[in-house]
Amino acid sequence: MKFCGGCNPKYDRRKTVELIEQRLNADIKYSEPNRGDICLLVSGCERACLKKPEWGQLISVNQFTTIDSIIDLIQTWGEEMEDFKDIYKEKYVTASEAVKHIKDGDRVVIGHACGEPRALTGALCERAHNLKDVETIHMIGVGESNYCKEEMEGHIRHNSLFVGNKNERLAVKDGRCDFTPRYFSKIPALFTNGPLPPDVALVQVSRPDAHGYVSFGVSVDYSMTAAKQAKLRIAQINQYMPRCHGECFMHLDEFDYLVEEDIPLIELPKSELTDVEKEIGRHCASLIQDGATLQLGIGALPDAVLLSLKNKKDLGIHSEMFSDGVVELVEAGVITNKKKTLHPGKLVATFIMGTRKLYDYIDDNPNVYMAPADYTNNPYVIARNDNLVSINSCIEVDFMGQVSAESIGPLQISGVGGQVDFVRGANMSKGGISIIAMTSTAKGGTVSKIVPSLEQGAAVTTGRNDVAYIVTEYGIADLRGKSLRERAKLLINIAHPDFREEFIEIWENRFHEEWEREERREKVTIIA
Ligand code: COA
């Protein structure tokens, strides 16, 4: 057992540690700068090193903490872990032993995003040369996705449900990896008596509680469903995985193999925002009323929107995911979830991506409700939230309002995720609206993201019949109830000025009408 005795001589805990050592009759090393199993936490630890994820259990001590209470806590944790290890001793194996049970031709579903069980995926890739024709399935890969690498050919073929990182994009482009389109809300159904029954699930979970339940923490989405359905269920138990509340628990009984590997979760820092993104955030914020419930998609723009919401009141969250910006608004009293018509008082999500600060916030926090994606992203469930505002981003929008959010021409660079689930849910929500927000240009201003026609081969993500608000740094276009002619005009008005002249010519030819000269604006602010 390693034990931090503290680094500040002012709070020397040497005496306490010695007492604990005597009482437990254990060999305790203290004052070690690296990983410890237990940290005596006193004033100053938080700033100094508590936020380093290397630490295991923390015990807060102050002048009132007795040595007996500390001993009690240490023994309870020890006993819980020992009990489960005794009961399930045949299930506790190493990662390399666990993946030996994967067979040629198996379909292996991997836990999602920051919940990827990296000890298990690492062991699988190490073993890959002994396997043939294994199919791995994963949605957003934020790790290295080594199962997509060239040397995996013939051993593992990856099937991506999102194409979330550069390795996957390259593998899909080179034809070494497949992409399967599917709404996020319908992904769990792929694995429940659906078209892709899993042979194996590799997932990551929290430590068990006193009753033997582990939480899927930052990644409930399809991961828990796959783990329930797979013939072979392997879990990486990781002390860094938060124990979230909600529909997100399985019992140790339900797994075939358990691998204890404490590896800090992947963290995604907050984006550095440009002035353009901040301007887009302000436009979006102007559409959000006090008391609204928000869904925020992926990319820099959701952070920009959050930044502009500091003066709002009683906002709520029902989203597929959220990141650090949400916690800042909770702490500032802007997000209270009080006015939510479904799960009042709770932040609702199916996966979480952010920093350790966020993971600590959601750990054992009854205000956070995590549930599988077929619940959180079901448009009928979303619609039960009055005033639901969905905010997502995209690659291109054509003059008709067709939104491509997942490909550049035929090159797949992302997936639909929950965009359409939430656009449709927002459309059905009483007082709800959907926003697609984007910078007006890409590639250093050389490419307009508003285009007369989508690039050949581009996938339509949100259709023109579903789309509502489009926002750029030049303003807001409300496409609801607008003809194709009117839509194109509104979109041209929020395109980058460098492209407007060219677009106006196309508009005039397409609609056989002359553009009214006074509408030729250099800088349009808000067109609604
Ligand atoms: N033409 C050419 N390239 C374009 C482009 C365009 N019109 N628009 C964007 N790109 C390029 C960017 O240059 C960037 O390339 P790089 O990675 O080589 O730098 C890449 O596409 C990603 O664009 P960026 O603006 O940085 O993306 P983002 O981080 O803001 O995310 C989406 C935008 C659309 C990719 C993201 O929101 C997404 O994945 N959406 C999926 C659908 C969705 O919203 N789901 C809900 C959440 S799961």
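Parameters and conventions
- Sequence order as written defines the numbering, with residues in each chain counted from 1.
- Predicted model: local features are reported for residues with pLDDT of at least 70 only, side-chain atom pairs are reported and counted for 80 or more only, and whole-chain, interface and lining totals are derived from all residues.
- To obtain the side-chain values, all non-hydrogen atoms of the structure were included, while hydrogens and water were left out.
- The secondary structure listing takes helices from DSSP runs of H or I that are at least 4 residues long and strands from runs of E that are at least 2 residues long, numbered from the N terminus.
- Residue burial is assigned from relative accessible area. The probe radius is 1.4 Å, only protein chains are included, and a residue is buried under 20% of its type maximum, exposed over 50%, and partly exposed in between.
- Contacts are residue-level and defined by heavy atoms, with any inter-residue pair within 4.5 Å sufficient.
- Two strands qualify as a pair provided that DSSP identifies no fewer than 2 bridges between them.
- Note on definitions: salt bridges are taken to be side-chain nitrogens of Lys or Arg within 4 Å of carboxyl oxygens of Asp or Glu.
- Between N-to-C directions, angles cover 0 to 180 degrees, with each direction set by a line fitted to C-alpha atoms, over the stretch in contact for helices.
- Throughout, the term roughly parallel applies to angles under 35 degrees, roughly antiparallel to angles over 145, roughly perpendicular to angles from 65 to 115, and oblique to all others.
- Gly falls in the polar group here, along with every residue not listed as nonpolar (Ala, Val, Leu, Ile, Met, Phe, Trp, Tyr, Cys, Pro) or charged (Asp, Glu, Lys, Arg).
- Seen with its strands pointing away from the viewer, a crossover is right-handed when the path leading from the first strand over the helix to the second is clockwise.
- Among buried residues, the Ala, Val, Leu, Ile, Met, Phe, Trp, Tyr and Cys ones that are joined through side-chain atoms within 4.5 Å form a nonpolar core.

A. Structural detail: the side chain of Thr 293. Relative to the elements of secondary structure, Thr 293 occurs in strand S15 (residues 293–296). We classify Thr 293 as buried; its relative accessible area is 1%. Setting aside residues no more than four positions away along its own chain, Thr 293 makes contact with Gly 316, Ile 317, His 318, Lys 340, Asn 385, Asp 386, Asn 387, Leu 388 and Val 389.

B. Representation of helix H5 (residues 118–127) in the model. Counted residue by residue, H5 has 7 buried out of 10 residues, so it is predominantly covered. Those residues of H5 that sit buried are Ala 119, Leu 120, Thr 121, Ala 123, Leu 124, Cys 125 and Arg 127.

C. Spotlight on the sheet that holds strand S22 (residues 396–398). Overall, mixed pairing links the 3 strands, which are arranged S23-S22-S29 in an open sheet. Only two strands of the sheet have a single neighbouring strand rather than two, namely strand S23 (403–404) and strand S29 (450–451). With 2 bridges joining them, S22 and S23 adopt antiparallel strand pairing. Looking across to S23, one finds that Val 397 is bridged to Val 403.

D. Examining the pairing of strand S26 (residues 433–437) more closely. In terms of burial, S26 is a largely internal element, 5 of the 5 residues being buried. Side chains Ile 433, Ile 435 and Ala 437 project from S26 onto one buried face, and the interleaved Ser 434 and Ile 436 project onto a second face that is buried too. Where strand S21 (residues 388–392) meets S26, 4 bridges bridge the pair, whose relative direction is parallel. Looking at S26, one finds that Ser 390 is bridged to Ser 434. Examined bridge by bridge, S26 and strand S30 (residues 469–472) share 3 bridges and lie parallel to one another. Residue pairing across strands places Ile 436 opposite Ile 470, the latter belonging to S30.

E. A look at the pattern of salt bridges. Counted by the stated rule, this structure contains 17 salt bridges. Across the pair Glu 135 and Arg 107 runs a salt bridge, and its minimum N-O distance is 2.8 Å. Of this pair, Glu 135 sits in strand S6 (residues 134–138) while Arg 107 sits in strand S5 (residues 107–110), placing them 28 residues apart in sequence. Across the salt bridge formed by Lys 339 and Asp 314, the nearest N and O atoms sit 3.6 Å from each other. Within this pair, whereas Lys 339 is found in the loop between helix H11 (324–331) and strand S18 (347–349), its partner Asp 314 is found in the loop between helix H10 (300–307) and strand S16 (316–317), the two being separated by 25 residues in sequence.

F. The packing of helix H16 (residues 484–493) against helix H17 (residues 497–511), seen in detail. Following both chains from N to C, one finds H16 and H17 inclined at 175 degrees, their axes separated by 10 Å at the closest point. As the angle between them shows, H16 and H17 are arranged roughly antiparallel. The residues of H17 that touch H16, namely those facing Leu 484, Arg 485, Ala 488, Lys 489, Ile 492 and Asn 493, are Arg 500, Phe 503, Ile 504, Trp 507 and Phe 511. For the contact of H16 with H17, the per-class residue count stands at 7 nonpolar, 1 polar and 3 charged.

G. Main features of the pairing of strand S7 (residues 156–160). Burial analysis of S7 places 4 of its 5 residues in the buried class, the great majority of the element. Pairing geometry for S6 and S7, over 5 bridges, is parallel. Paired with His 138 across the bridge in S7 is Ser 160. Where S7 lies against strand S8 (residues 177–179), 3 bridges are found, and the strand directions are parallel. Paired with His 158 across the strands is Cys 177, a residue of S8. With respect to chirality, the unit in which S7 leads through helix H6 (residues 166–173) into the neighbouring parallel S8 is right-handed.

H. Representation of the nonpolar core within the structure. Judged by nonpolar contacts, the single largest core of 83 residues is most densely connected at Phe 255, Phe 322 and Ile 435. For Ile 435, the contacting residues outside a window of four places in its chain are Cys 284, Leu 287, Val 389, Ser 390, Ile 391, Asn 392, Tyr 469 and Val 471. If you look at the next biggest cluster of nonpolar residues, it comprises 30 residues, including Val 99, Val 200, Leu 232 and Tyr 257.

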